[in-house]
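# Close look at the chain arrangement
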Amino acid sequence: MALLSVLTPVLAVILCLVIGFILLKSREAPSTPPVETGSKANFRPWVDQDLQDDTEITAGEDEDGDWVDISEEDLLHVPYSPKRYSEEMMLQRSQDFYTLMNERRSVRFISPDPVPQEVINNVIHTAGTSPSGAHTEPWTFVVVSDPEMKHQIRLIVEEEEEVNYRQRMGEKWVHDLAKLRTNWIKEYLDVAPYLILIFKQTCGILPNGKKKTHYYNEISVSISCGILLAALQNAGLVTVTTTPLNCGPQLRLLLRRPANEKLLMLLPVGYPASNATVPDLKRKPLDDIMVKI
Ligand SMILES: Cc1cc2nc3c(=O)[nH]c(=O)nc-3n(C[C@H](O)[C@H](O)[C@H](O)COP(=O)(O)O)c2cc1C
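For every chain, the first residue of the written sequence is number 1, and numbering continues from 1 onward in sequence order. A pLDDT threshold of at least 70 governs which residues receive local features in this predicted model, and a stricter bar of 80 or more applies before side-chain atom pairs are shown or counted, although totals over entire chains, interfaces and linings include all residues. Side-chain metrics in this entry use all non-hydrogen atoms of the structure; hydrogen atoms and water are not considered.

The condition is simple: UniProt positions are given in the numbering used here, feature names are shortened, and annotations may be inferred rather than shown by experiment.
If you look the protein up in an unreviewed UniProt entry, it shows as iodotyrosine deiodinase from Channa striata. Note on the protein: under the UniProt heading Cofactor (unreviewed entry), the record states "FMN". Recorded in UniProt under Sequence similarities (unreviewed entry), the annotation for the protein is "Belongs to the nitroreductase family."

## As for the sheet that holds strand β3 (residues 194–201)
Operational definition: At least two bridges found by DSSP between two strands are what make those strands a pair. Secondary structure elements follow DSSP: runs of H or I no shorter than four residues count as helices, runs of E no shorter than two count as strands, and numbering proceeds from the N terminus. Orientation is described by axes fitted as lines to C-alpha atoms, over the contacting stretch for helices, and by angles from 0 to 180 degrees between their N-to-C directions.
The sheet built from three strands is open, its strands ordered β2-β3-β6 with antiparallel pairing. Each edge of the open sheet is held by one strand with a lone partner, namely β2 (139–144) and β6 (261–269). Each neighbouring strand pair of the sheet contributes to a mean axis angle of 20 degrees, computed without reference to strand direction. Alignment of β3 against β6, held across eight bridges, turns out to be antiparallel. Its bridge partner being in β6, Ile-198 is matched across the sheet by Met-265.

## Quick notes on the sheet that holds strand β5 (residues 211–213)
The sheet built from three strands is open, its strands ordered β1-β5-β4 with mixed pairing. Each edge of the open sheet carries a strand with a single partner, namely β1 (67–68) and β4 (203–205). Bridge count between β1 and β5: two bridges; the pairing is parallel. Along β5, the bridge assignment pairs Trp-67 with Lys-211.

## Things to note about the site of the ligand
Our working rule: Throughout, the term near means that a residue has one or more heavy atoms lying within 4 Å of the molecule or strand in question. For this analysis, a polar contact is any N or O atom pair within 3.5 Å, provided that within protein one partner can donate a hydrogen and the other can accept it, and provided that sequence-adjacent residues contribute only side-chain to side-chain pairs. For the area figures, the Shrake-Rupley method with a 1.4 Å probe applies, and any residue is considered shielded solely by the protein chains shown. Under the scheme applied, nonpolar residues are Ala, Val, Leu, Ile, Met, Phe, Trp, Tyr, Cys and Pro; charged residues are Asp, Glu, Lys and Arg; polar residues are all the others, including Gly.
Close to the ligand lie Arg-104, Arg-105, Ser-106, Arg-108, Leu-180, Thr-182, Val-240, Thr-241, Thr-242, Thr-243, Leu-281 and Arg-283, which account for all nearby residues. Contact between the ligand and Ser-106: an oxygen atom at 2.5 Å from a side-chain N or O atom of the residue. Between the ligand and Thr-241, the relevant distance is 2.9 Å, taken from a nitrogen atom to a main-chain nitrogen or oxygen of the residue. Against a free-state accessible area of 620 Å², the protein chains account for coverage of 65% of the ligand. Residue classes in the shell around the ligand are distributed as three nonpolar, five polar and four charged.

Given below as structure tokens:
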């Protein structure tokens, strides 16, 4: 009996410890995720958030009821049988095209010599052959040749670029650009016979004012810009790819483009100046950029 009365507090302590341990374990155990039902569970964003081209917003929501679905169920499908080259010919053409494109350089010294408007029409027509999300063709190419308008563009770009270089870009960015010898003075904006400003249409606006989703608009327009660069190279013209930071809204207003259009790229276009130079950059060898599996 005496032994029992001595052991009782010990047993009570052990019992408390066991209960405490069980409670602790039950809290640590991973809780089973609640089973989601309905359409929310199946919802997946349309694109990676990083793309930031509004596709995921405009495709997923219909808050203002101002969006339309354009069904193309009735679209006719037609035979497609482009020319098939012999292997020899393919090899030759692919090699020739590589040689042509490998000669492309970003040229910041452009000649004022005039370029036929028809050539510009053709290269932009070519850019418009680009694939686009759901064939929405979300691009607008604004071609500026008017000297006064080019100068207005230069004023806007130089003012913003000076602030970019001095304040916004940060030391590392400015340091990385130093070897390219670029700065905020953009003489080519006055000199080049053409400035092509490429806008991405973040959505379409139909004649009745309703909006239409432009899937992957930024990727689509970027691809068309790549095709435009290739077409310019093919025509023997030069440009420098520029993305004037923070100038988009002002240039959009200057060029009277609607609010659904955002500036993606500005390309001054012409022949290279006779004294043009380019940085002696090297490109990565094939083995560094291709992975065969
Ligand atoms: C998205 C993008 C933005 C660029 N922005 C500028 C720019 O604002 N100013 C500039 O002088 N060059 C700009 N460049 C050109 C690059 O500096 C150039 O492509 C790079 O140095 C490689 O030279 P390459 O084009 O002669 O091969 C840009 C290029 C790309 C692809």
